Structure formats: C-alpha cells, structure tokens
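Summary of structural features
In case you want the letters, here they are:
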Amino acid sequence: MRLREKPYFVQLIVLVLFMIGGMLVFSSLGTLLVMLLYHTPKMLEASDPVTAIRITQTLTTIGTFLVPSLLFAYCQNRQWFDYNAANRRPKQPMVNMVLILSVTLLPVVGALSAFNQNIMPQEGSVAEFMRDMEEAANQILELVTSQHSSWDLIANILVFAVLAGICEEFFFQGALQPLLMNWTRNPHVGILLTALIFSALHFQFYGFIPRFLLGVYLGYLFYWSRSLWLPILAHVLHNALSIMVDYTLQARGLDTNNMQYTDVHGALPTAAFCALISAMAIVYIWRIYRDEGLET
C-alpha cells in the first residue's frame, strides 16, 4: 500500500521520522568528518571553524530536509518528483515577477525584522531564553561572515543560499505543505501552518515575523505556480542577495550584526515603496494563476 492511501496523521508521522532520522545520520556524518579533518568533534574548536561550519551545515541540511522529502515523495506514489511538483516548470511571467520581488522584498524584510526585534520582551526568563538562542545563532553567523574573500562569498552563497533554498523548499513546500493542504482540505490553512512551522523551526524568535511572512509568500508561489521551482528560485535569490548585501556592507566597514535596517537614512520610505511594488507583483502572479486556471 502506498503512503498516500494511509491516514494523514500517519503520513505526518512518517515525514517527521524521516526528518529526525536524516538529521541524526547526516549531522553525525558531519561531526565525524570534522573530527577526521580537524581532530575535534566541535566545529567551533577546529583550526578552520568556518570550513567546519560549512561542512556540518551542508550535511545537516541535506539530511534534515532534502533526503526526507524525497523519500516521502517516493513513498507517496513511487515517484521522486511528482508529489512535490518538481517535475513541472513555472510560467515565465511568474519567474519574471519573482526576479523583481527578490529585490523589492529585501527592504520590506529589513523593516519587519526591526519591528520584530522592537516588540520582543526585554525582561524575564522567556526574554533571556530567546536572547540565548539568538546569540548562539549570531555567533555562528558572525564567524561565517567575518571572512571577506571572494571565495568565502561564493562558498556562503552555495551553502546558505543555493543548498539551503533547495533543501528547505523540497521539505516545506514540496512535502509538508501538500500534506497539510490535503489534511485540512483548505489550501490557505495549509500554507499558513507550513509557514508557521517553517519560521518556528529556525529557532530565531527575533526574526519570526518576517520569516513567517516569507514562508507564506513561498507557500503561495508553490500553490499558484504548481511548480516547486518557483519558490526554490525565490528562496535562493532572497538568501543570496541578503548575503551579498551583508558582504558589501561589511567590506565598507559597517557592523551589520549590530545594526538594524531602520538605522539607515530613508529606510522606512524605501521599505514602504518596495512593499507597494511587491504587492503589485504578487497580485500579478495571482492573476496569472487565476486567468490560466492552474489548479491541481
């Protein structure tokens, strides 16, 4: 019996087990490889911690997201790229709009990130816990972005943009979202739940709101285009441009780890204008979906 014939709760359990198993196996492989190369299982204690982080991140991302999602898709109907719509090409006008959105959404996300940080609790055990989680993530981020060579820029884009975008989209939009949409019998609820889980699993609460809204955006791109490659393109471009902007600013001597987007002169009017352009582009994508009847 194929997995699609099982109850949705069973399908979810299978997907979660695939994810946990893949994460344990591949993260262990990453730790083993780091130990063989640097004679320590702790990547931050390696002689080249940046490379150790990239190695661990690469294997963990593949094992946690890509491998489980492909196994899940194959168990659905014995095909690797059908359930996740990875065998379909998006419409070219939609691709064009995503190219525009990859630029216009950056200031919007920056403004939302600043808003998110300002509304977070400042005192108490909850605030302390969230700060500890954020500082742990920032420690690794600062280490990875502290290198300013062209090779480091390319390596960061490959690991944290291309690989992360592809693997995460295969899991969230390609596996989890169709499951939740079918289970709830409501595509919008499925998209919102997937975006909520997408943002929560990053364990970075100071960026929860913009990451959630990005998840909603990626979810609708998948739903409207009926192709996994449109949200993959959007995800990869967003991460890559964010890395490039950060690289450029740091090369000019700015401490991007301790500054907010709203610290820049004229940031809010720019974000408002970009939000308007982004809304127009998203509506245009929706109209292509509506006019061409891209239903499953």
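So, here's what we can say about the structure. (Residues numbered from 1 in each chain as written. Predicted model: local features only at pLDDT ≥ 70, side-chain atom pairs only at ≥ 80, totals over all residues. Heavy atoms only, no water.)

Describing the overall build of the protein chain
Let me state the cut-off plainly: Helix and strand definitions follow DSSP, with helices as H or I runs of at least four residues and strands as E runs of at least two, each counted in order from the N terminus. Exposed residues in this analysis have more than 50% of their type's maximum accessible area, buried residues have under 20%, and partly exposed residues fall in between, with area computed by a 1.4 Å probe over protein chains only. We call two residues in contact when some of their heavy atoms are within 4.5 Å. What sets the accessible areas is the Shrake-Rupley method with a 1.4 Å probe; for residues, cover comes only from the shown protein chains.
Scanning the protein chain from terminus to terminus reveals nine helices and zero strands. In the protein chain, the succession of helices and strands from N to C terminus is α-α-α-α-α-α-α-α-α. Each principal axis of the C-alpha atoms in the protein chain carries an extent, and together these give about 50 × 50 × 40 Å. Of all 296 residues assigned to the protein chain, the portion counted as buried reaches 43%. For the protein chain, contacts bridging at least 24 residues in sequence account for 75% of all contacts bridging at least 6. Working note: accessible area of the protein chain is about 15,300 Å², and carbon and sulfur atoms make up 66% of it.

Side note on helix H3 (residues 92-119)
Convention followed: Here a helix's expected span is defined as the number of its residues, less one, multiplied by 1.5 Å. Bend, in this description, refers to the angle at a residue between axes fitted to the seven residues ending there and the seven starting there.
For H3, spanning 28 residues, the distance from its first C-alpha to its last is 39 Å, which sits close to the expected 40 Å at 1.5 Å a residue. A bend of about 35 degrees at Leu-105 is the largest found in H3, and the proline Pro-107 appears one to four places after it.

Some points on unusual backbone geometry
Phi at Arg-78 takes a positive value of approximately 65 degrees, unusual for a residue other than glycine. In this fold, Arg-78 is placed in the loop between helix H2 (49-77) and H3. The exposure class assigned to Arg-78 is partly exposed, which follows from its relative accessible area of 40%.

Structural notes on the packing of helix H1 (residues 8-38) against helix H5 (residues 150-184)
The following threshold applies: Between N-to-C directions, angles cover 0 to 180 degrees, with each direction set by a line fitted to C-alpha atoms, over the stretch in contact for helices. An angle below 35 degrees is treated as roughly parallel, one above 145 as roughly antiparallel, one from 65 to 115 as roughly perpendicular, and anything else as oblique. Should the near helix be turned anticlockwise from the far one by less than a right angle, the crossing is left-handed, and should it be turned clockwise, the crossing is right-handed.
Interhelical geometry of H1 versus H5 gives an angle of 160 degrees and a closest axis separation of 10 Å. Taken together, the axis directions place H1 and H5 in an arrangement best described as roughly antiparallel. The handedness of the crossing between H1 and H5 is left-handed. Taking contact as the criterion, the partners of Tyr-8, Phe-9, Gln-11, Leu-12, Leu-15 and Met-19 in H1 are, on H5, Phe-171, Ala-175, Leu-176, Leu-179, Asn-182 and Trp-183.

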